[in-house]
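Coordinate analysis (summary)
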Amino acid sequence: MADFTAAQAAVVRIERAEEGRWDLSVISDSGVAMGHGVYLFQADHDDAEDEQAAALDFVREYGFRFERDAVVADGPDAFWAPLLPLDAA
């Protein structure tokens, strides 16, 4: 479990590290990476839905979620979304 508060966790970043691998990071409001995960996939599952589902599973482990319609592209192979506490409606 993370050692930071909901107020500190600002975004999740989803970034292609190499073919078949997306890196997932929880970034604090001060820009520090507070958690890191990796999503490995088969080539036929390389689409935004799968990466976002993996990122949702990843941030749930830290007690967060994000709205899929809030995901923002940050270049061709990078995305971010603001985090919300799991219990926020």
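Relevant structure appears above.
Below is a short write-up of the structure. (Residues numbered from 1 in each chain as written. Predicted model: local features only at pLDDT ≥ 70, side-chain atom pairs only at ≥ 80, totals over all residues. Heavy atoms only, no water.)

Bringing the nonpolar core into the picture now. One finds Val12, Phe58, Val59, Phe66 and Leu83 to be the most contacted residues of the largest nonpolar core, which totals 18 residues. Those elements giving two or more residues to this core turn out to be strand S1 (9-18), strand S2 (21-28) and helix H1 (48-60). Top element by residues in this core is H1. It accounts for 5 residues. With sequence-adjacent residues up to four places away left out, Val59 is seen in contact with Val12, Val26, Phe64, Arg65, Phe66 and Leu83. (Core = buried A, V, L, I, M, F, W, Y, C linked by side-chain atoms within 4.5 Å. Buried < 20%, exposed > 50% of the residue type's maximum accessible area, 1.4 Å probe, protein only. Helix = DSSP H or I, 4+ residues; strand = E, 2+ residues; numbered from the N terminus. Contact = heavy atoms within 4.5 Å.)

With that settled, the discussion passes to the pattern of salt bridges. Think of it this way: side chains of opposite charge can pair up when their charged atoms draw near. Under the definition given, this model contains 6 salt bridges. Among the ionic pairs, Arg13 bridges to Glu15, the shortest N-O distance being 3.5 Å. Relative accessible area serves as the criterion here: at 36%, Glu15 is assigned to the partly exposed category. Measuring nitrogen to oxygen at the nearest pair gives 3.4 Å for the salt bridge that ties Asp77 to Arg16. Linking Asp77 in the loop between strand S5 (72-73) and strand S6 (78-82) with Arg16 in strand S1, this pair joins segments that are 61 residues apart in sequence. The class of Asp77 is partly exposed, set by a relative accessible area of 32%. Overlapping salt bridges bring together Arg13, Glu15 and Asp74 as one network. (Salt bridge = Lys/Arg side-chain N within 4 Å of Asp/Glu carboxyl O.)

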